[in-house]
Number of protein chains: 2
Amino acid sequence: MNPFQPRTDDMMFILQQVLQAPQQLQALASDTEADTDLMQQVLEESGKFVAEVVAPLNRDGDEIGAQWKDGAVTMPPGFREAYQAFWQAGWPALACAPEDGGQGLPAVLEATLYEMLSAANHGWTMAPGLLHGAYECIRHHASDELKATYLEKVATGEWLATMCLTEPHAGSDLGLCRTKAVPLPDGRHALSGTKIFISGGEHDLTDNIVHLVLARLPDSPPGPKGLSLFLVPKFYADGSRSAVVCERIEEKMGLHGSPTCVMRFDEAAAWIVGEPGKGLNAMFVMMNAARLHVGLQGIGLLEAAWQKADAYAKERRQMRAPGGSAKAGEADLIEQHPAVRRILDTQRAWIDAGRVMAYRTAVELDIARHHPEPQRREAAHRWCALVTPVLKAAWTDQAFHGASACLQVFGGHGYVREWGIEQIVRDSRVAMIYEGTNEIQAIDLLLRKTLADAGSGLLGLLDALDAELGESPQALRARAGLSRFAGFVRERLLPGTRSDSAAADLPQRLADDFLRAVAMLLMAWAWTRIGTTPGADTARWQGARAAFWLRVWPEFEMRMAMMDETLAA
Amino acid sequence: MNPFQPRTDDMMFILQQVLQAPQQLQALASDTEADTDLMQQVLEESGKFVAEVVAPLNRDGDEIGAQWKDGAVTMPPGFREAYQAFWQAGWPALACAPEDGGQGLPAVLEATLYEMLSAANHGWTMAPGLLHGAYECIRHHASDELKATYLEKVATGEWLATMCLTEPHAGSDLGLCRTKAVPLPDGRHALSGTKIFISGGEHDLTDNIVHLVLARLPDSPPGPKGLSLFLVPKFYADGSRSAVVCERIEEKMGLHGSPTCVMRFDEAAAWIVGEPGKGLNAMFVMMNAARLHVGLQGIGLLEAAWQKADAYAKERRQMRAPGGSAKAGEADLIEQHPAVRRILDTQRAWIDAGRVMAYRTAVELDIARHHPEPQRREAAHRWCALVTPVLKAAWTDQAFHGASACLQVFGGHGYVREWGIEQIVRDSRVAMIYEGTNEIQAIDLLLRKTLADAGSGLLGLLDALDAELGESPQALRARAGLSRFAGFVRERLLPGTRSDSAAADLPQRLADDFLRAVAMLLMAWAWTRIGTTPGADTARWQGARAAFWLRVWPEFEMRMAMMDETLAA
């Protein structure tokens, strides 16, 4: 089976025709502007690198995987060479500030790069995937002394970085972390403890690795407010090795190209990053960007699965399709069978709407940072806060379930490893868990971002979406959904959850359905926008658009009914 | 993680309290009767065998798997010993006729046995799973000479059997089969060709293997009517080896304990089974039973996943749950978190309703064979024909998606192999494909079994279900669904698909939604029955019942809306 091939024309159509991203970014007072030609050029160059260098390594990444021996991790064949070429070509620094060695390009081009990389080779992409978060963290919180040594190395990706958060007893609940940080006479701290699920905790891709570690200072209060953030490299500036050991790597369902490490810290000398007790704040600074990237992994993996299924459906013949074109005694291509058509068009509906939402969110990230008007920056912050958890949860969910649907197109062959489709099902499953489980995204959206401000942010966002819908027949349908939802929030959700008799767990019982309903509304908006874009009246877009309204959108009403019943119970 | 433990009290509750299976079977004029004590005894004995002998081999079955070398297949550690103990204890022959060496017990006890076996060790269970179909096939179609050599060996399971249907170009479309059968002077036929996806085509579990092979006689017409069925053993009666070779085994996503073989036939001398050109008929004799068993695999695998998630949720503490009971500064058990509760209760809703439907179907299989009244036998045939494809499709779908939901309960640990939950996700995926893909089940239900008789069989079945509902509040809800559905069939589906202007592919575009809507109705019936059963007013049943109505049933209205829109388009 051929490796993944980026289709940059599809991506450019959404960036330029649907979203007018170049025009939006040119209004910004910053380096992060990019005209259409530059966007096109970066997309094509990155697509070329992904297709030629990264995609061909995906099978070995899965079959051979990362190997642990005596504390060292050997990456799969070709991974180191590809990574060295990647950072030397400047890709990790695409969106970093020029003063840190970056190119200052807009976040949306980093988004499209990582979508393609994830589609091509999810395991390999985990390594640079954490860089940008570490870069932002060091840039905003580290001392000048630390920055001098680490900022440019991490910005350019010459050194890779980790985020050491989870412990055996502290998964979703970081407040339970026990790793200790004891002050040393030289101003540093000795870290002791064990961290698990550390992606890229050890490997041979780069000459050094920079660990960002959550730990607890002596006499700090229990819970999340007692946590501080520390930096400890694999090798110090003098070349000596730190007391950080990779004890083993996990045997996983998939993602074998990324070593998931158990890291032991034995009084490892580390520097504090930011203020004592503010460790979680320092890490959460990059949470929206990191969650957007996981959403993009979902979109990329679903695109990769769709490409495989689409190619197979155009080659494989089985049975006559109703209204098919096969000659007497012959079989039709399976893409002509309605059951196969349904799978392909429905996944396409998710991928295209996902791109519209994810690229728009990336543009809003730049607007939030660089727009001259405070009010527009505020609206962009609101967009990112509300849309990001939906992208993360709904599109990683769809990556797994949609990849499984694409596997079904292959029949029994889909279950066999050589076709590569089952790898996507296995690899994609982890994205529903990491960077905050999808259930936690739903709680974030409903409790922290909707109920906390009595719905004003979300309702404001929905009004803004409504204003961009136009007056097409689809727009009327999307508008009816927005209106039904806003009425539900005002008349049922807010009074129902505030009522004195409401059970304490009522919001959490609603959260998953609430997030799904919002996902449907965002997709309805996206498909309305695509549907009225000049050039989208072709078969390429129409099958997916029809599949959205027929096969996906009906979930909206189902989720509303489930929430109505939960509130009535 | 502890291996699967059968919970026979739950199973017995459904058999006896909900379905009155012993009473139903005692009305039959056959050997297949069983009173409550006998049922209880068989359930407990089989549960003991499953728990003690089969379940502990599951991890090695996955991690080590079946190994191919030079045409021979070595099964995972312990598999042969367990299988020898299994057949010698008489388990494969449980429901076979006494004159063939069987015990003549009812099909429903075979159903519960295979549900438990699949839950404990799906890979191992594939080997005996094919026996009963081969037994029925030989019993009804083979010559007396063949029966004398093979029938009792297959009935008792002393020799295992295969079904050699699929070829590289003939998956769902068996009519494309090319394997040739050329008459030999001695009345036998020389088989030549390659078959793929042959479960247990080669192994070391038994001393001989009996292959049932679809092949094409010279001058036979193209398509399915040109296929005949043949029997060829691994070893002939004189001890010589047949020209049947296992060329390789597939590397698969899961089910590593079952070798999926590529079998090459090099002029292998074989006997015809049944009449020339009637090969598919001979195999389809056992299709309902085989598909019911795959549905039971789905139920068993989902039960296994649920047990793991439930046990983990009762041990793991993370964060305060709303309304939780943890002391200040401590975390609650995750089973107290609504997101986890929702997953566990929803899967329980599927498992319990699945058991009601599957056990009832097994009882109907016995009624169809042995009831003294032709009209009751006819109704039982109708039940099996209509309910079986729904069980196969909806419950294998739920096994995979529900096992994935159970994995989510573990957070990151669910993605790690040592917990065993990801194995269930991988293993269960194949059941959506084999024994007729789930899409083919949907086409079978709608086109062959509903539209072909203008809905009379299905509407008759729904009337019969309605009559068994009673008058509880849930019954009214289920009845409203049945009525909505019957109206849809009469007023929209039948006229819409018969209309001259209807597109040829319209029924196939409706098929998946149609099957899901029927699945919801069957579950509504099952939960209404459970809900009004004395003894089901405990927490064990109430959480799942509530989850059904709140979390599962709303899909019914969504599917109806999707079909309405498809017909209106």
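Residues numbered from 1 in each chain as written. Chains lettered and ligands numbered in written order. Predicted model: local features only at pLDDT ≥ 70, side-chain atom pairs only at ≥ 80, totals over all residues.

### Digging into the overall build of chain A
Thought 1: Across its full length, chain A carries 20 helices and 9 strands.
Thought 2: Over its C-alpha atoms chain A spans a radius of gyration of 24 Å, differing by no more than 12% from the 25 Å that the globule rule assigns to 569 residues.
Thought 3: Dimensions of chain A, computed from C-alpha atoms along their principal axes, come out at roughly 80 × 60 × 45 Å.
Thought 4: Among the 569 residues that make up chain A, the fraction classed as buried is 58%.
Thought 5: Residue pairs at least 24 apart in sequence account for 75% of intrachain contacts in chain A once pairs closer than 6 positions are excluded. (Helix = DSSP H or I, 4+ residues; strand = E, 2+ residues; numbered from the N terminus. Rg over C-alpha atoms; globule rule 2.2 N^0.38 Å. Buried ≥ 20, exposed ≤ 12 C-beta atoms within 10 Å, placed from the backbone. Contact = placed C-beta atoms within 7 Å.)

### With respect to the relation of the copies chain A and chain B
Thought 1: Of the transformation placing chain A onto chain B, the axial shift is 0.0 Å and the rotation is 180°, giving an RMSD of 0.0 Å. In the structure described here, the two chain copies are related by an operation that fits a two-fold rotation axis. Scanning chain A for the C-alpha nearest the rotation axis identifies M558(A), at a separation of 3.0 Å.
Thought 2: A share of 100% of the interface residues of chain A reappears at the interface of chain B, consistent with the copies meeting face to face through the same patch. (Least-squares fit on C-alpha atoms with pLDDT ≥ 70 in both.)

### Points about the pairing of strand β5 (residues 189-199) of chain B
Residue and element names in this part refer to chain B.
Thought 1: Sheet topology places strand β4 (residues 180-183) next to β5; 4 bridges connect them, and they run antiparallel. In the strand pairing of β5, K180 is matched with S192.
Thought 2: Taking the residues between adjacent antiparallel strands as the criterion, β4 and β5 are bridged by 5 residues, where G187 takes a positive phi near 95°.
Thought 3: Across 9 bridges, the pairing between β5 and strand β9 (residues 260-273) is antiparallel. Following the sheet pairing, H189 is matched in β9 by A270. (Pairing = 2+ DSSP bridges.)

### Describing the interface of chain A and chain B
Thought 1: Every contact between the two is made by 54 residues of chain A and, on the other side, 54 residues of chain B.
Thought 2: Of all the secondary structure elements, the ones that give two or more residues to the side of chain A that touches chain B are α12 (338-370), α13 (374-409), α18 (506-531), α19 (539-552) and α20 (554-568) of chain A.
Thought 3: No other element matches the 8 residues that α20(A) contributes to the side of chain A that touches chain B.
Thought 4: When its residues are assigned to classes, the side of chain A that touches chain B shows 23 nonpolar, 14 polar and 17 charged. (Nonpolar A, V, L, I, M, F, W, Y, C, P; charged D, E, K, R; others polar.)

### Some points on the environment of V340(A)
Residues and elements named next belong to chain A.
Thought 1: Among the structural elements, V340 can be located in helix α12.
Thought 2: Residue V340 is classed as buried on the basis of its C-beta count, with 22 C-beta atoms lying within 10 Å.
Thought 3: Between the C-alpha atom of V340 and that of A313, which follows or precedes it by 27 residues, the distance is 7.7 Å.
Thought 4: Among all residues touching V340, those that are not within four sequence positions of it are A313, I334, E335 and V409.

### Observations regarding helix α14 (residues 421-428) of chain B
All names here are of chain B.
Thought 1: Counting buried positions along α14 gives 8 out of 8 residues, so the element sits mostly inside the fold.
Thought 2: Within α14 the residues assigned to the buried category are I421, E422, Q423, I424, V425, R426, D427 and S428.
Thought 3: In this structure, the buried residues of α14 make contact with α4 (58-63), α7 (122-129), α11 (287-313) and α13 (374-409).

### A look at helix α9 (residues 144-156) of chain A
Residue and element names in this part refer to chain A.
Thought 1: Between its terminal C-alpha atoms α9 stretches 18 Å, which fits the 18 Å expected from 13 residues at 1.5 Å a residue.
Thought 2: Where α9 bends most, at Y150, the angle is about 45°.
Thought 3: Along α9, the residues that are buried comprise Y150, L151, K153, V154, A155 and T156.
Thought 4: Looking at the buried residues of α9, the elements they touch are α5 (79-88), α8 (131-141), β3 (160-164), β6 (209-216) and β7 (227-233).
Thought 5: Positive backbone phi, approximately 80°, marks G157, located one or two places after α9. (Expected span 1.5 Å × (residues − 1). Bend = angle between axes of the 7 residues up to and from the residue.)

### Focus on the nonpolar core
Thought 1: Within the largest apolar cluster, 394 residues are counted, with the highest numbers of intra-cluster contacts made by A134(A), V154(A), F230(A), Y359(A), V154(B), F230(B) and Y359(B).
Thought 2: Non-local contacts of A134(A), meaning those with residues more than four positions away in its chain, are made with V154(A), A161(A), M163(A), V210(A) and L212(A). (Core = buried A, V, L, I, M, F, W, Y, C linked by C-beta atoms within 7 Å.)

### Regarding the packing of α12(A) against helix α18 (residues 506-531) of chain B
Thought 1: Relative to each other, α12(A) and α18(B) sit at 65°, their axes nearing to 8 Å. With respect to their mutual orientation, α12(A) and α18(B) come out roughly perpendicular. Along this stretch, α12(A) crosses α18(B), giving a crossing that reads as right-handed. Of the residues in α18(B), those touching α12(A) at P338(A), A339(A) and R342(A) are Q508(B), R509(B) and D512(B).
Thought 2: Along the lines of polarity and charge, the residues of the contact of α12(A) with α18(B) split into 2 nonpolar, 1 polar and 3 charged. (Axes fitted to C-alpha atoms, helices over the stretch in contact; angles between N-to-C directions. Parallel < 35°, antiparallel > 145°, perpendicular 65-115°, else oblique. Left-handed = near helix turned anticlockwise from the far one by under 90°.)

### Side note on the environment of G535(A)
Residue and element names in this part refer to chain A.
Thought 1: Mapped onto the elements, G535 comes out in the loop between α18 and α19.
Thought 2: Classification of G535 by C-beta neighbours within 10 Å gives exposed; the count is 11.
Thought 3: As for G535 and V18, which are separated by 517 residues in sequence, their C-alpha atoms are 9.8 Å apart.

### Here's the deal with the packing of α18(A) against α19(A)
All names here are of chain A.
Thought 1: Running from N to C, α18 and α19 point in directions that differ by 150°, and their axes come no closer than 11 Å. As summarised for this structure, α18 and α19 are arranged roughly antiparallel, according to the angle between their axes. As for how α18 packs across α19, the hand of that crossing is left-handed. Of the residues in α19, those touching α18 at M523, W527, I530 and G531 are W541, R545, F548 and V552.
Thought 2: Tallied by class, residues from the contact of α18 with α19 come to 6 nonpolar, 1 polar and 1 charged.

### Some points on the environment of Q347(B)
Residues and elements named next belong to chain B.
Thought 1: Note that Q347 resides in helix α12 (residues 338-370).
Thought 2: Overall, the presence of 26 C-beta atoms within 10 Å leaves Q347 in the buried class.
Thought 3: Taking C-alpha positions, Q347 is 9.7 Å from V552, a pair spaced 205 residues apart along the chain.
Thought 4: Those residues in contact with Q347 that lie beyond four places of it in its chain are L302, W306, G402, A405 and C406.

### Thoughts on the confidence of the model for chain A
Thought 1: Considering every residue of chain A, the mean pLDDT works out to 95; 99% of them sit at 70 or more.
Thought 2: We note a pTM of 0.97 for the whole complex and an ipTM of 0.97 for its interfaces. (pLDDT = per-residue confidence, 0-100.)

### A few points about unusual backbone geometry
Thought 1: Phi is positive for L255(A), which is not a glycine, with a value near 55°.
Thought 2: Along the chain, L255(A) turns up in the loop between β8 (244-249) and β9 (260-273).
Thought 3: One non-glycine residue, F197(B), lies in the positive phi region at around 60°.
Thought 4: In this structure, F197(B) sits in strand β5.
Thought 5: Residue class for F197(B) comes out buried when judged on the 26 C-beta atoms lying within 10 Å of it.

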